[in-house]
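Inside the fold
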Amino acid sequence: MKRYLYFTGMILAGFFLALSLLTQAAETSVGETAPDFTLPDSNGKAHSLSGYKGKIVVLEWLNHGCPFVQKHYNSGNMQKLQKIYTDKGIIWFSVISSAPGKQGYMTPEEATEAVKQKKASPTGVLLDPEGTVGKLYGAKTTPHMFIINSDGVLVYNGGIDDIRSANPADIDKAKNYVQMALDELLAGKEVTVKTSQPYGCSVKYK
Amino acid sequence: MEFLGGCYSSRRQVENMKTGFCVKKAFQNVHNTIHSVFLIALSIVFIILNGCSSSVHVEAELVSEVRSIQPGRAFSVAVRLKMDEHWHTYWRNPGDSGMPTKITWQLPDGFTVGEVRWPCPQKFGEPPVVSFGYAGEAFLITEVIAEENTKPGTEVKITAIVEWLACKESCIPGSAELSLSLPVKDIIPDLDMRWAGRFVETRMNLPRAFPDWKIRASAGSSNILIQVDPPPWFKDELTGLAFFPEQEGMIDYSKTQSLKKSGNGYVLEIRRSVLSVSLPQRLHGILFSPKGWSQAGQERAFYIDLPLHQQE
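The text that follows walks through the structure, step by step, so that each part is easy to find. On a predicted model such as this, the values are computed, not experimentally measured, just so you know.

Side note on the overall build of chain A
Within chain A, the regular secondary structure consists of 6 helices and 9 strands. Residues classed as buried in chain A amount to 52% of the 206 residues present. In chain A, the proportion of contacts linking residues at least 24 apart, taken out of those at least 6 apart, comes to 73%. On chain A, roughly 9600 Å² of surface is accessible, and the fraction owed to carbon and sulfur atoms is 58%.

Brief notes about the sheet that holds strand β15 (residues 242-245) of chain B
All names here are of chain B. Taken together, 7 strands build an open sheet; the order of strands is β15-β18-β19-β13-β14-β17-β16 and the sheet is mixed. Since the sheet does not close on itself, it has two edges, and those belong to β15 and β16 (258-262), each with one partner. Geometrically, the sheet is characterised by an average inter-axis angle of 30° between neighbouring strands, direction not taken into account. As judged from the 3 bridges shared by strand β13 (residues 214-219) and strand β19 (residues 301-310), these two strands associate in the parallel manner. When the bridges of β19 are listed, alanine 219 appears paired with glutamine 310.

A closer look at the pattern of salt bridges
The tally for this structure, following the rule as stated, stands at 21 salt bridges over all chains. Across the salt bridge formed by arginine 164 of chain A and glutamate 248 of chain B, the nearest N and O atoms sit 3.2 Å from each other. On the criterion of chain membership, the pair formed by arginine 164 of chain A in the loop between β8 (154-158) and α6 (177-186) and glutamate 248 of chain B in the loop between β15 and β16 is interchain, its members lying in two chains. For arginine 164 of chain A, a relative accessible area of 17% corresponds to the buried category. For glutamate 269 of chain B, the salt bridge goes to lysine 260 of chain B, with nearest N and O atoms at 3.8 Å. Linked through salt bridges whose partners overlap, the residues forming this network are Glu59, Glu61, Arg80, Glu137, Arg198 and Glu201 of chain B.

What to know about the interface of chain B and chain A
Every contact between the two is made by 24 residues of chain B and, on the other side, 27 residues of chain A. For the pair chain B and chain A, the two sides together bury roughly 2100 Å², of which 57% comes from carbon and sulfur. Counting across the interface, chain B meets chain A through 2 salt bridges. Across the pair glutamate 169 of chain B and lysine 102 of chain A runs a salt bridge whose closest N-O atoms are separated by 3.9 Å. Joining chain B to chain A, the criterion identifies 7 residue pairs in polar contact (both at pLDDT 80 or more). Looking at the side of chain B that touches chain A, the elements with two or more residues in it are β5 (89-95) and β12 (171-183) of chain B. Looking at side-chain class alone, the side of chain B that touches chain A contains 13 nonpolar, 6 polar and 5 charged residues.

Things to note about the nonpolar core
Ranked by size, the top nonpolar core spans 66 residues in total, and within it Phe75, Val79, Ile226 and Leu287 of chain B carry the most contacts. With 6 residues, the single largest contributor to this core is strand β11 (residues 155-167) of chain B. Three or more residues apiece are contributed to this core by two domains, here domain 1 (3-204) and domain 2 (214-310) of chain B. Residues in contact with leucine 287 of chain B, not counting those within four places in the same chain, are Ile215, Ile226, Val228, Leu241, Ala242, Phe243, Leu268, Trp293, Arg300, Ala301, Phe302 and Ile304 of chain B. Ranked by size, the runner-up nonpolar core spans 39 residues in total, among them Met78, Met106, Val191 and Cys201 of chain A.

Concerning empty space enclosed by the protein
Residues and elements named next belong to chain A. As enumerated under the stated definition, the model contains 5 cavities of 30 Å³ or more in all. In this structure, the largest cavity encloses a volume near 120 Å³. Residue classes in the lining of the largest cavity are distributed as 5 nonpolar, 6 polar and 4 charged. For the second largest cavity, the calculated volume is near 60 Å³. Every element with two or more residues in the lining of the second largest cavity is listed here: β4 (91-96) and α4 (108-117). Considering each element in turn, the lining of the second largest cavity owes the most residues, 3 residues, to α4.

What about the packing of aromatic side chains?
In the structure shown here, the tally under the stated rule is 19 aromatic pairs over all chains. A centroid spacing of 5.6 Å and a plane angle of 75° characterise the contact between tyrosine 137 of chain A and phenylalanine 146 of chain A, whose relative ring orientation is edge-to-face. Each member of the pair, tyrosine 137 of chain A together with phenylalanine 146 of chain A, is buried. Ring centres of phenylalanine 139 of chain B and tryptophan 195 of chain B lie 6.2 Å apart, and the angle between their planes is 50°; on these two criteria the pair is classed as tilted. Residue phenylalanine 139 of chain B is found in strand β10 (residues 137-145), and its partner tryptophan 195 of chain B is found in the loop between β12 and α2 (196-204); the two are separated by 56 residues along the sequence. Here the basic side chain of lysine 135 of chain A rests over the ring of tyrosine 205 of chain A, its NZ or CZ set 5.1 Å away from the ring centre.

Observations regarding helix α3 (residues 77-87) of chain A
All names here are of chain A. When we look at burial in α3, the residues that qualify are Asn77, Met78, Gln79, Leu81, Gln82 and Tyr85. In the core, the buried residues of α3 are packed alongside β3 (57-61), α2 (67-74), β4, β7 (145-148) and α6. Glycine 89 sits one or two residues past α3 and shows a positive phi near 90°.

A closer look at the pairing of β11 of chain B
Residues and elements named next belong to chain B. Pairing of strand β6 (residues 102-106) with β11, which is carried by 5 bridges, proceeds in the antiparallel orientation. Bridge pairing links threonine 104 to isoleucine 161 in β11. With 13 bridges connecting them, β11 and β12 associate as antiparallel partners. Bridge assignment links alanine 166 to a residue of β12, and that residue is isoleucine 172. Here β11 folds back onto β12 in antiparallel fashion, the turn holding 3 residues.

With respect to α2 of chain B
In an α-helix there are 3.6 residues to a turn, and that puts residues three or four apart on one side. Restricting attention to buried positions, one finds in α2 of chain B the residues Ala196, Arg198, Phe199, Glu201 and Thr202 of chain B. In the core, the buried residues of α2 of chain B are packed alongside β3 (58-64), β4 (74-83) and β10 of chain B.

A few points about the environment of histidine 284 of chain B
Residue and element names in this part refer to chain B. Relative to the helices and strands, histidine 284 is located in strand β18 (residues 282-288). Every residue in contact with histidine 284, bar those within four places of it in the chain, is listed here: Phe243, Pro245, Glu246, Gln247, Tyr303, Ile304 and Asp305. A distance of 2.9 Å separates the side chain of histidine 284 from the side chain of glutamate 246, its partner in a polar contact.

Description of the sheet that holds β6 of chain B
Residue and element names in this part refer to chain B. Overall, antiparallel pairing links the 3 strands, which are arranged β6-β11-β12 in an open sheet. In this open sheet, the two strands that pair with only one neighbour each are β6 and β12. Strand-to-strand twist of the sheet, defined as the mean angle between neighbouring strand axes without regard to direction, takes the value 15°.

Definitions and cut-offs
Residues numbered from 1 in each chain as written. Chains lettered and ligands numbered in written order. Predicted model: local features only at pLDDT ≥ 70, side-chain atom pairs only at ≥ 80, totals over all residues. Heavy atoms only, no water. Helix = DSSP H or I, 4+ residues; strand = E, 2+ residues; numbered from the N terminus. Buried < 20%, exposed > 50% of the residue type's maximum accessible area, 1.4 Å probe, protein only. Contact = heavy atoms within 4.5 Å. Areas by Shrake-Rupley, 256 points an atom, 1.4 Å probe, with all protein chains shown as cover. Pairing = 2+ DSSP bridges. Axes fitted to C-alpha atoms, helices over the stretch in contact; angles between N-to-C directions. Salt bridge = Lys/Arg side-chain N within 4 Å of Asp/Glu carboxyl O. Buried area = accessible area lost by both parts, 1.4 Å probe. Polar contact = N/O pair within 3.5 Å; in protein donor to acceptor, adjacent residues only side chain to side chain. Nonpolar A, V, L, I, M, F, W, Y, C, P; charged D, E, K, R; others polar. Core = buried A, V, L, I, M, F, W, Y, C linked by side-chain atoms within 4.5 Å. Domains from an automatic or database assignment. 1 Å grid on protein atoms, 1.4 Å probe; cavity = no way out; pocket = protein on both sides within 12 Å on 5 of 7 lines; lining within 4 Å. Points joined across faces, edges and corners; volume = space filled by probe spheres on them. Phe/Tyr/Trp six-rings, centres within 6.5 Å; stacked < 30°, edge-to-face > 60°. Lys NZ or Arg CZ within 6 Å of the ring centre and 35° of its normal.

If you want it as structure tokens, here you go:
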């Protein structure tokens, strides 16, 4: 019996190892189809990426405890971008991949409350406490920005802008890559800067 | 946050180093206003007196290797960062997260300052987020050249404005304006024995070239290969090799770098990052070997700067 359990354990361990290697290998490059996912928002509504074919989708990795996120929220920069582009029909999801007990983790109620408090206007705040979608996309930092075009292709993977700092005074001096890419997409053009170095705090995976 | 090893895996403990009069953790655990006002006032006094600053989790100080300077001659100073246990600051390429420590110098007219000599970093974090930096105590050494007509008998003031990000699980940005005054004398300077040992030790671990090792690098669509051919005196097995790129966004820091035998030497295979859409002309960074690159088996950080060829 013991031996049986031991082997079952080994097989299961092997299976999960293989699975984790597969999911790691699946990190998507720009120009490839963005992997589909389904996550609940803070109001309990489920969203699938495949449900937004025909729309431009922005994924913004979020942790309100991180100084780099605070740079863009306390200055109103992130909220401004969310407002401008959701008004133009773009889908904007803030994604929280912090694990329970780690910095930035929020219950659904807390996440909804934070949207109100920060006067943010994302399409929704998606909750990813297992970190599955974060790891699927290779989200490294908060913030880390991904843009998916209306054909479901990943067209931008990188930082919000080109100045790696936690200082809000740098926002006006920086080149905002997300804004550039979205303006290009809305004008029917190709995105010129497709990748950049994301900067910020590490995503607090479990 | 898990420690993944890397350079300095057998670091000396530096906990008992003399730290001057730094007020440590002055702003931590402050329970009442009077106490905090007193501590802040006290720390301001110490900052003025010592060019030393302590903010949450990092103690920063500007120190000199020598006690005086000579007109027209080079000398070394260092920003000393001492992190609380489990906290780290970052290398020039911080990796997936974090921010490099930034130093802005204010020097007398005619003085010139070189680049920071970054020591070989450690790895922090775990896949998929891996970063590079320093725990314990780091000396960021920089060479300064005094102006030729600086007058002996005077004093010069050097100021470094230092900005860093300190992280454990969470991150706290910090900054300090650090100053140091040194007398100008027309003699070969005495070493400042409080710090000279740490300067020597830090320099020994600085990355440098080892010309008797032959290194080449090439890139394919998904990987970078570094070919390492040992010199004839090397009879050992090369193991545990790790590459730390100075360039950002080029390699995937989370993926295992695999070392295989190839011809008379070895090849280190490194996965490219999904962010590396185009490739740079050159590859530069640190090749770390736990067994060392010199015949004495020491000097583990090999600085490489090579053309990056396309794989056939």
